[in-house]
Amino acid sequence: TSRLFGQKPLTGQLAQTATSSGEALGDSSVNFGTVAHYGDSIAPPCMVKLICLAACGLFYANSTAVLAWAFQRMNSALMPTLSEMIFIGLIIGGVYLPMPISLWLTRKVAYRKAHYAGLLLFGFFLLAGQMIIILSQHLWPEQCFPLLVARLLQGMGSGVLFQLRFMLASLST
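Here the structure is a predicted model, which means the values were calculated and not measured.

Let us look at the overall build of the protein chain. Looking only at helices and strands, the protein chain features eight helices and two strands. Traced from its N-terminal end to its C-terminal end, the protein chain shows the element sequence α-β-β-α-α-α-α-α-α-α. Looking at the protein chain as a whole, 28% of its 173 residues qualify as buried. Considering only residue pairs separated by 6 or more positions, the protein chain has 66% of its internal contacts joining residues 24 or more positions apart. Total accessible area on the protein chain stands at roughly 12,300 Å², and carbon and sulfur atoms take up 67% of it.

Shown next as C-alpha coordinates:
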(Lines give C-alpha, C1' and ligand atoms only; values in the text may rest on other atoms or scores of the structure.)
Protein backbone atom coordinates (compact mmCIF):
# COMPACT_ATOMS: atom_id res chain seq x y z
CA THR A 1 0.00 0.00 0.00
CA SER A 2 2.91 2.37 0.49
CA ARG A 3 3.60 2.38 -3.26
CA LEU A 4 -0.05 3.20 -4.02
CA PHE A 5 -0.52 5.97 -1.49
CA GLY A 6 3.05 7.26 -1.10
CA GLN A 7 3.21 6.77 2.66
CA LYS A 8 3.31 4.05 5.24
CA PRO A 9 -0.18 3.08 6.53
CA LEU A 10 -0.99 4.04 10.10
CA THR A 11 -1.46 0.94 12.20
CA GLY A 12 -1.97 0.84 15.94
CA GLN A 13 -1.86 4.59 16.41
CA LEU A 14 -4.39 7.38 16.15
CA ALA A 15 -4.55 9.20 12.85
CA GLN A 16 -4.64 12.97 13.06
CA THR A 17 -7.24 14.44 10.69
CA ALA A 18 -6.46 17.90 9.34
CA THR A 19 -8.15 20.43 7.12
CA SER A 20 -6.52 22.00 4.09
CA SER A 21 -5.25 24.85 6.28
CA GLY A 22 -3.41 22.37 8.50
CA GLU A 23 -5.44 22.70 11.68
CA ALA A 24 -6.38 19.48 13.42
CA LEU A 25 -9.99 18.37 13.48
CA GLY A 26 -9.53 15.62 16.07
CA ASP A 27 -8.23 12.15 16.65
CA SER A 28 -9.67 9.20 14.87
CA SER A 29 -8.90 5.51 15.20
CA VAL A 30 -10.58 4.88 11.85
CA ASN A 31 -9.06 6.03 8.58
CA PHE A 32 -11.51 7.28 5.98
CA GLY A 33 -10.53 7.79 2.41
CA THR A 34 -11.52 7.59 -1.20
CA VAL A 35 -12.00 4.22 -2.83
CA ALA A 36 -10.37 3.99 -6.26
CA HIS A 37 -11.89 1.40 -8.56
CA TYR A 38 -9.66 -0.18 -11.15
CA GLY A 39 -12.53 -2.07 -12.73
CA ASP A 40 -16.28 -2.42 -12.59
CA SER A 41 -18.15 -1.64 -9.40
CA ILE A 42 -19.59 -4.49 -7.39
CA ALA A 43 -23.38 -4.47 -7.57
CA PRO A 44 -25.58 -5.68 -4.71
CA PRO A 45 -27.26 -9.08 -5.13
CA CYS A 46 -30.04 -9.03 -7.73
CA MET A 47 -32.74 -10.08 -5.25
CA VAL A 48 -31.79 -7.24 -2.89
CA LYS A 49 -31.99 -4.75 -5.76
CA LEU A 50 -35.41 -6.05 -6.76
CA ILE A 51 -36.74 -5.90 -3.18
CA CYS A 52 -35.43 -2.33 -2.80
CA LEU A 53 -36.93 -1.25 -6.11
CA ALA A 54 -40.27 -2.86 -5.23
CA ALA A 55 -40.40 -1.20 -1.79
CA CYS A 56 -39.46 2.19 -3.26
CA GLY A 57 -42.05 1.79 -6.02
CA LEU A 58 -44.74 0.80 -3.51
CA PHE A 59 -44.01 3.85 -1.38
CA TYR A 60 -44.18 6.27 -4.31
CA ALA A 61 -47.24 4.60 -5.82
CA ASN A 62 -48.91 4.91 -2.43
CA SER A 63 -47.85 8.52 -2.00
CA THR A 64 -49.43 9.46 -5.33
CA ALA A 65 -52.61 7.41 -4.80
CA VAL A 66 -54.64 10.39 -3.58
CA LEU A 67 -53.56 12.83 -6.26
CA ALA A 68 -56.57 12.10 -8.49
CA TRP A 69 -59.00 12.79 -5.63
CA ALA A 70 -57.12 15.92 -4.55
CA PHE A 71 -56.89 17.44 -8.03
CA GLN A 72 -60.51 16.57 -8.80
CA ARG A 73 -61.57 18.37 -5.62
CA MET A 74 -59.37 21.40 -6.37
CA ASN A 75 -60.63 21.67 -9.96
CA SER A 76 -64.30 21.16 -9.17
CA ALA A 77 -66.93 23.73 -10.16
CA LEU A 78 -67.14 24.99 -6.58
CA MET A 79 -64.03 26.83 -5.49
CA PRO A 80 -62.63 25.06 -2.40
CA THR A 81 -62.39 27.08 0.78
CA LEU A 82 -59.10 27.81 2.53
CA SER A 83 -59.69 25.02 5.05
CA GLU A 84 -60.39 22.55 2.21
CA MET A 85 -57.17 23.62 0.46
CA ILE A 86 -55.21 23.08 3.67
CA PHE A 87 -56.82 19.66 4.04
CA ILE A 88 -55.93 18.77 0.43
CA GLY A 89 -52.34 19.87 1.08
CA LEU A 90 -52.21 17.67 4.17
CA ILE A 91 -53.64 14.74 2.23
CA ILE A 92 -51.00 15.10 -0.49
CA GLY A 93 -48.05 15.77 1.81
CA GLY A 94 -49.28 13.70 4.74
CA VAL A 95 -47.01 10.79 3.95
CA TYR A 96 -43.94 13.00 4.48
CA LEU A 97 -44.95 14.69 7.75
CA PRO A 98 -44.07 11.79 10.10
CA MET A 99 -40.73 11.20 8.33
CA PRO A 100 -38.49 12.13 11.33
CA ILE A 101 -40.35 9.68 13.58
CA SER A 102 -40.31 7.08 10.82
CA LEU A 103 -36.55 7.47 10.33
CA TRP A 104 -35.93 6.98 14.03
CA LEU A 105 -38.27 3.99 14.27
CA THR A 106 -36.90 2.32 11.12
CA ARG A 107 -33.33 2.74 12.36
CA LYS A 108 -34.17 1.25 15.75
CA VAL A 109 -36.01 -1.73 14.29
CA ALA A 110 -33.37 -2.42 11.63
CA TYR A 111 -30.57 -2.10 14.20
CA ARG A 112 -32.19 -4.40 16.75
CA LYS A 113 -33.66 -7.06 14.47
CA ALA A 114 -32.32 -6.76 10.91
CA HIS A 115 -33.10 -4.98 7.67
CA TYR A 116 -35.93 -7.36 6.86
CA ALA A 117 -37.68 -6.21 10.07
CA GLY A 118 -37.47 -2.61 8.82
CA LEU A 119 -39.00 -3.68 5.52
CA LEU A 120 -41.75 -5.57 7.36
CA LEU A 121 -42.46 -2.45 9.44
CA PHE A 122 -42.86 -0.47 6.21
CA GLY A 123 -45.23 -3.12 4.86
CA PHE A 124 -47.24 -3.07 8.07
CA PHE A 125 -47.72 0.70 7.99
CA LEU A 126 -48.64 0.60 4.31
CA LEU A 127 -51.15 -2.22 4.82
CA ALA A 128 -52.65 -0.63 7.94
CA GLY A 129 -53.18 2.66 6.09
CA GLN A 130 -54.85 0.88 3.19
CA MET A 131 -57.12 -1.02 5.59
CA ILE A 132 -58.19 2.27 7.22
CA ILE A 133 -59.05 3.66 3.80
CA ILE A 134 -61.05 0.58 2.83
CA LEU A 135 -62.97 0.46 6.12
CA SER A 136 -63.65 4.19 6.15
CA GLN A 137 -64.98 4.12 2.58
CA HIS A 138 -67.27 1.27 3.53
CA LEU A 139 -68.44 2.60 6.92
CA TRP A 140 -68.27 6.39 6.46
CA PRO A 141 -68.10 7.18 2.72
CA GLU A 142 -68.59 10.92 3.20
CA GLN A 143 -65.91 11.38 5.88
CA CYS A 144 -62.47 12.61 4.80
CA PHE A 145 -60.77 12.60 8.22
CA PRO A 146 -60.00 8.83 8.15
CA LEU A 147 -58.21 9.43 4.86
CA LEU A 148 -55.90 11.91 6.58
CA VAL A 149 -55.27 9.49 9.45
CA ALA A 150 -54.47 6.75 6.94
CA ARG A 151 -52.03 9.03 5.09
CA LEU A 152 -50.23 9.91 8.32
CA LEU A 153 -50.03 6.23 9.26
CA GLN A 154 -48.68 5.36 5.82
CA GLY A 155 -46.12 8.12 6.32
CA MET A 156 -44.74 6.21 9.27
CA GLY A 157 -43.22 3.92 6.65
CA SER A 158 -41.44 6.74 4.81
CA GLY A 159 -38.17 5.92 6.57
CA VAL A 160 -37.91 2.94 4.24
CA LEU A 161 -36.49 5.22 1.53
CA PHE A 162 -33.42 5.94 3.65
CA GLN A 163 -33.15 2.31 4.76
CA LEU A 164 -33.15 1.19 1.11
CA ARG A 165 -30.44 3.69 0.25
CA PHE A 166 -28.32 2.44 3.16
CA MET A 167 -28.86 -1.19 2.21
CA LEU A 168 -27.85 -0.65 -1.41
CA ALA A 169 -24.85 1.49 -0.48
CA SER A 170 -23.57 -0.99 2.09
CA LEU A 171 -23.86 -3.98 -0.25
CA SER A 172 -22.15 -2.42 -3.25
CA THR A 173 -19.09 -0.41 -4.08
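By secondary structure assignment, the location of Gln163 is in helix α8 (residues 160-171). Dropping the residues within four chain positions of it, Gln163 is found in contact with Thr106, Ala110, His115, Gly118 and Leu119.

On to the packing of helix α6 (residues 115-139) against α8. The geometry of α6 relative to α8 is characterised by a closest axis approach of 10 Å and an angle of 155° between their N-to-C directions. One finds that α6 runs roughly antiparallel with respect to α8. As α6 packs across α8, the resulting crossing turns out to be left-handed. Seen from α6, the contacting residues are His115, Gly118, Leu119 and Phe122; seen from α8, they are Val160, Gln163, Leu164, Phe166 and Met167. Residue composition of the contact of α6 with α8, grouped by class: six nonpolar, three polar and no charged.

On to the confidence of the model for the protein chain, then. Mean pLDDT over the protein chain: 79, with 78% of residues reaching 70 or higher. Per-element confidence in the protein chain is highest for helix α5 (residues 99-112), whose mean pLDDT is 90, and lowest for helix α1 (residues 2-5), whose mean pLDDT is 42. Low pLDDT, under 50, characterises residues 1-23; the stretch is placed with 27 contacts to residues that sit more than four places away or in other chains.

A word on the packing of helix α2 (residues 46-63) against α8. In a packed pair of helices, the relevant descriptors are the angle between the two axes and the axis-to-axis distance. Relative orientation of the contacting elements α2 and α8 amounts to 160°, with a least axis distance of 10 Å. Relative to α8, the element α2 lies roughly antiparallel. Seen from above, α2 lies across α8 with left-handed handedness. Contacts between α2 and α8 involve Val48, Lys49, Cys52, Ala55, Cys56, Phe59 and Tyr60 from the first element and Leu161, Leu164, Met167, Leu168 and Leu171 from the second.

On the surface, Arg107, Lys108, Arg112 and Lys113 cluster together into a patch of positive charge. Mapped onto the elements of the fold, Arg112 is located in helix α5.

On to the layout of surface pockets. When its volume is computed, the second largest pocket comes out at roughly 170 Å³. What lines the second largest pocket is Leu103, Thr106, Arg107, Ala110, Tyr111, His115, Gly159, Phe162, Gln163 and Phe166. Those elements that provide at least two residues to the lining of the second largest pocket are α5 and α8. Among the elements that make up the lining of the second largest pocket, the one with the highest residue count is α5 (five residues). Class assignment for the residues of the lining of the second largest pocket results in five nonpolar, four polar and one charged.

Analysis parameters
- Residues numbered from 1 in each chain as written.
- Predicted model: local features only at pLDDT ≥ 70, side-chain atom pairs only at ≥ 80, totals over all residues.
- Heavy atoms only, no water.
- Helix = DSSP H or I, 4+ residues; strand = E, 2+ residues; numbered from the N terminus.
- Buried < 20%, exposed > 50% of the residue type's maximum accessible area, 1.4 Å probe, protein only.
- Contact = heavy atoms within 4.5 Å.
- Areas by Shrake-Rupley, 256 points an atom, 1.4 Å probe, with all protein chains shown as cover.
- Axes fitted to C-alpha atoms, helices over the stretch in contact; angles between N-to-C directions.
- Parallel < 35°, antiparallel > 145°, perpendicular 65-115°, else oblique.
- Left-handed = near helix turned anticlockwise from the far one by under 90°.
- Nonpolar A, V, L, I, M, F, W, Y, C, P; charged D, E, K, R; others polar.
- pLDDT = per-residue confidence, 0-100.
- Patch = residues over 30% accessible without salt bridge, like charges linked within 9 Å, V, L, I, M, F, W, Y side chains within 5 Å.
- Salt bridge = Lys/Arg side-chain N within 4 Å of Asp/Glu carboxyl O.
- Lys, Arg positive; Asp, Glu negative; His and termini not counted.
- Charge placed at Lys NZ, Arg CZ, Asp CG, Glu CD.
- 1 Å grid on protein atoms, 1.4 Å probe; cavity = no way out; pocket = protein on both sides within 12 Å on 5 of 7 lines; lining within 4 Å.
- Points joined across faces, edges and corners; volume = space filled by probe spheres on them.

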